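# Chain and residue survey
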Amino acid sequence: MASNIYLVRQRISRLGQRMSSFQLNINPLKEPLGFIKVLEWIASIFAFATCGGFKGKTEIQVTCTKLHENKTITAAFGYPFRLNEASFQAHPDANVCDVNWKSYVLIGDYSSSTQFYVTFAVFVFLYCIAALLLYLGYTSMYRDSRKLPMIDFVVTLVATFLWLVSTSAWAKALTDIKIATGHGIVKELQPCHRQEVTCYFGSVTSMGSLNVSVIFGFLNMILWGGNAWFVYKETSLHSPSITSTSHSQGGIPPPSGM
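Residues numbered from 1 in each chain as written. Predicted model: local features only at pLDDT ≥ 70, side-chain atom pairs only at ≥ 80, totals over all residues. Heavy atoms only, no water.

Put simply, the rule is: UniProt positions are given in the numbering used here, feature names are shortened, and annotations may be inferred rather than shown by experiment.
As named in an unreviewed UniProt entry, the chain is Synaptophysin-like protein 1, taken from Enhydra lutris kenyoni. Under the heading Sequence similarities (unreviewed entry), UniProt records this for the chain: "Belongs to the synaptophysin/synaptobrevin family." Regarding the chain, the relevant UniProt record gives this comment under Subcellular location (unreviewed entry): "Membrane".

This is the structure:
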């Protein structure tokens, strides 16, 4: 028991000594490993910012044939795109054509795909900060270690795959959101089928920023996939072992096998 406690303390003290040896070195930024990591950090910001901050609305023009009035009803929606909670409202707040429009909502709940995409982008943003801190402040510790480059390589492969999955899911959700808030919404509203009520699709907020978020999602996937090679070069899978290096420098070859 005492020996185990001693080993734990020894490991903690070694880790503390390594962490205290912070030395800023910007040379990794001149190499693909560090430069691409900066691009990944910037791209992740654009990915979650263009999606998570979106707010929009869809408008429908309602005409009452008996009352001879024209009104506009609006349904506001935004991140995380729970459209089934976005109810229609008239301005000023009143029943148009004797219909309580607040009881009618948009169709669909796309929060799962959207939140998965944004949450993953935020985690990538934080990981890039940690990786850059390791590259720039603990360069020697990173390159002398066998575990850190391997962990970085595995995370890079997983992130590439998750960027593909999350962006594809978000792109499909965005397509459905455009349909649910577009011209087809008139056919889904029950009051619009009455003879005394005529509905026309008005407008919907431009979703250009959401299209940009999808583009940055696939851009992130390309960046992480391309960076996997440069991270792989830092691992022991690619770097030659000390023994093979000594052989290439004219060292004594190992004895022949049995």
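### Examining the UniProt feature "transmembrane region" (unreviewed entry) in the chain
Put simply, the rule is: To qualify as a helix, a DSSP run of H or I must reach at least 4 residues; to qualify as a strand, a run of E must reach at least 2; elements of each kind are numbered from the N terminus.
Per the UniProt record, the feature "transmembrane region" (unreviewed entry) sits at residues 116-138, 150-171 and 210-232. With 96% helix and 0% strand, residues 116-138 has end C-alpha atoms that lie 32 Å from one another. End-to-end, the C-alpha atoms of residues 210-232 are 33 Å apart, and along that stretch the chain is 100% helix and 0% strand.

### Description of the pairing of strand 1 (residues 55-64)
Both faces of the sheet carry side chains from a regular strand, because those side chains alternate between them. For clarity, the cut-off: A pair of strands is considered paired only if DSSP assigns at least 2 bridges between the two.
Where strand 1 meets strand 2 (residues 69-78), 10 bridges bridge the pair, whose relative direction is antiparallel. Across the sheet, the residue bridging to Thr63 is Asn70, located in strand 2. Between the antiparallel neighbours strand 1 and strand 2 lie 4 residues, among them His68 with a positive phi of about 55°. Bridge count for strand 1 against strand 4 (residues 197-204) is 7 bridges, and the pairing is antiparallel. Opposite Thr58, over in strand 4, you have Val204 as the bridge partner.

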